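# Secondary and tertiary structure notes
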Amino acid sequence: KQEVTQIPAALSVPEGENLVLNCSFTDSAIYNLQWFRQDPGKGLTSLLLIQSSQREQTSGRLNASLDKSSGRSTLYIAASQPGDSATYLCAVDPQGGSEKLVFGKGTKLTVNP
Amino acid sequence: EPEVTQTPSHQVTQMGQEVILRCVPISNHLYFYWYRQILGQKVEFLVSFYNNEISEKSEIFDDQFSVERPDGSNFTLKIRSTKLEDSAMYFCASRVYAGANVLTFGAGSRLTVL
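Before going into details, it helps to say that this report is about the structure given with it.

### Quick look at the sheet that holds strand β6 (residues 56-59) of chain A
All names here are of chain A. Here we have five strands laid out as an open sheet, ordered β1-β3-β8-β7-β6, and antiparallel in their pairing. Only two strands of the sheet have a single partner each, and these edge strands are β1 (4-7) and β6. Along the sheet, successive strands turn relative to each other by an average axial angle of 15°, direction set aside. For β6 and strand β7 (residues 62-67), the ladder comprises four bridges, and the chain directions are antiparallel. Looking at the pairing, Q57 lines up with A64 of β7.

### Focus: the pairing of strand β4 (residues 31-37) of chain B
Residues and elements named next belong to chain B. Judged by how many residues are buried, β4 sits mostly within the fold: seven of seven residues are covered. What you see with β4 is no split at all: Y31, Y33, Y35 and Q37 on one side and F32, W34 and R36 on the other are buried throughout. One ladder, built from seven bridges, connects β4 with strand β5 (residues 43-50); its direction is antiparallel. Bridging from a neighbouring strand, Y33 pairs with S48 of β5. Once β4 ends, the chain turns through five residues before running back antiparallel as β5, passing G40 with a positive phi of about 85°. Bridge count for β4 against strand β9 (residues 88-95) is seven bridges, and the pairing is antiparallel. Across the sheet, residue Y35 finds its bridge partner in β9, namely F91.

Definitions and limits used
- Residues numbered from 1 in each chain as written.
- Chains lettered and ligands numbered in written order.
- Predicted model: local features only at pLDDT ≥ 70, side-chain atom pairs only at ≥ 80, totals over all residues.
- Heavy atoms only, no water.
- Pairing = 2+ DSSP bridges.
- Helix = DSSP H or I, 4+ residues; strand = E, 2+ residues; numbered from the N terminus.
- Axes fitted to C-alpha atoms, helices over the stretch in contact; angles between N-to-C directions.
- Buried < 20%, exposed > 50% of the residue type's maximum accessible area, 1.4 Å probe, protein only.

Here it is, written out as structure tokens:
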């Protein structure tokens, strides 16, 4: 059974700092991995999707990497801003016929001005 | 940018009542999903729906739950007799095809069962 873990559970940084969020998964048989942002009481906004054949994806100040063999992904946020404060969720899309995404519990990020 | 629309944004109901949550997926998407998130917990898969039938469901999705797409646009989740533990945020999602594609989520419907 696929399990997704995100460390740390919460992170507080000063504005301008570069930071890394971590995601690990137990079964390397995945189609892709997706990073989402969730603001309090809101829905999930897709940030980046990495296919299983890719090593990384970039969008603006965000860079996500994937090491499928070791079951790890990182989300790198450069030059953090207070507007980046949110919970960041990692989800894997398993192979093997299942359509469901399996989510981690998220990392709650606070960027202090 | 196309989006998934959910209504209501918040519903309060008494235990034992029926609830219907509605979703309008992105128009060219073929695969539809419901997920839920109990406060402070992980987002959990409930059900996937394709070609007017359930393609996969989780153990959470018992006989109290049902889904349908009655008119080709709305995608609904019905809870027949709500329990306290059904209180959660329910997210609808859709994608063009299964597998290698981005899943687009709606803003969610918060259900509070009293």
